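# Structural description and commentary
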Amino acid sequence: MNDWKSWLKEGRQYLCSASGKNGKPSKFSPVIQYNLLSMSLESYVMAILDYHHSLPYNHTFTDLMEGMDKVCPLEKGLRSKILEIEKAQNICSFSDFTVAQIDAECLIDFRKAVTEIGLIAISTCKEKVLAAVS
């Protein structure tokens, strides 16, 4: 069973996996990069939610953002960007399953959003680590 520390670690690992190494482009296709970034986003949000002893209704971007609204509301522009990016692929829906082509601009925006969520997760969870040490 994951705890916030595991979710945080997984978020970093997925984000690193979606990115190229040593300044080179990723070897993964855009769709795989999108999916890795999706798993990173989910992991970072789950770290924050777990830190606050909360769970989302489900694991769609919409559900994750609604979970964040309860414990750590995001800046409206970031929240909107994530919900807009969710439309690129709707792979969690049984009734409206969609896999679209992912372009470079979408990946750039998504990577920036996930990185920002990651910084929020690190900051949120760091507070708990620092409190435990004090």
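Residues numbered from 1 in each chain as written. Predicted model: local features only at pLDDT ≥ 70, side-chain atom pairs only at ≥ 80, totals over all residues. Heavy atoms only, no water.

### Section: the overall build of the protein
- Helices and strands together make up the secondary structure of the protein, namely five helices and two strands.
- Mapped in sequence order, the helices and strands of the protein form the string α-α-α-α-β-β-α.
- Out of the 134 residues in the protein, the part that is buried amounts to 38%.
- Considering only contacts within the protein whose residues lie at least 6 apart along the sequence, 61% involve residues at least 24 apart.
- Entry remark: accessible area of the protein is about 8200 Å², with carbon and sulfur atoms responsible for 57%. (Helix = DSSP H or I, 4+ residues; strand = E, 2+ residues; numbered from the N terminus. Buried < 20%, exposed > 50% of the residue type's maximum accessible area, 1.4 Å probe, protein only. Contact = heavy atoms within 4.5 Å. Areas by Shrake-Rupley, 256 points an atom, 1.4 Å probe, with all protein chains shown as cover.)

### A word on the packing of aromatic side chains
- The tally for this structure, following the rule as stated, stands at two aromatic pairs.
- With centroids separated by 5.1 Å and ring planes inclined at 45°, the aromatic side chains of Tyr 34 and Phe 110 adopt a geometry described as tilted. Of this pair, Tyr 34 sits in helix 2 (residues 30–51) while Phe 110 sits in helix 5 (residues 104–133), and the two are 76 residues apart along the sequence.
- Taking the centre distance of 5.6 Å and the plane angle of 50° together, the rings of Phe 61 and Phe 110 count as tilted. Taken together, the residues span a long stretch of sequence, with Phe 61 in helix 3 (residues 61–71) and Phe 110 in helix 5 at a distance of 49 residues.
- Residue classification places Phe 110 among the buried positions, given a relative accessible area of 0%.
- Within the aromatic cluster, the residues linked to one another by ring pairs are Tyr 34, Phe 61 and Phe 110. (Phe/Tyr/Trp six-rings, centres within 6.5 Å; stacked < 30°, edge-to-face > 60°.)

### Quick look at the packing of helix 1 (residues 4–18) against helix 2
- Packing of helix 1 against helix 2 brings their axes to within 8 Å, and their N-to-C directions diverge by 160°. With respect to helix 2, the axis of helix 1 lies roughly antiparallel. When the axes of helix 1 and helix 2 are compared, the crossing they make is left-handed. Between helix 1, through Trp 4, Trp 7, Leu 8, Glu 10, Gly 11, Arg 12, Tyr 14, Leu 15, Ser 17 and Ala 18, and helix 2, the contact on the second element is made entirely by Gln 33, Leu 36, Leu 37, Met 39, Ser 40, Ser 43, Tyr 44, Met 46, Ala 47, Asp 50 and Tyr 51.
- Among the residues forming the contact of helix 1 with helix 2, the class breakdown is 13 nonpolar, five polar and three charged. (Axes fitted to C-alpha atoms, helices over the stretch in contact; angles between N-to-C directions. Parallel < 35°, antiparallel > 145°, perpendicular 65-115°, else oblique. Left-handed = near helix turned anticlockwise from the far one by under 90°. Nonpolar A, V, L, I, M, F, W, Y, C, P; charged D, E, K, R; others polar.)

### Observations regarding unusual backbone geometry
- Non-glycine residue His 53 carries a positive phi angle of around 55°.
- Within the secondary structure, His 53 is located in the loop between helix 2 and helix 3.

Function-wise, these values are silent; they only describe arrangement.
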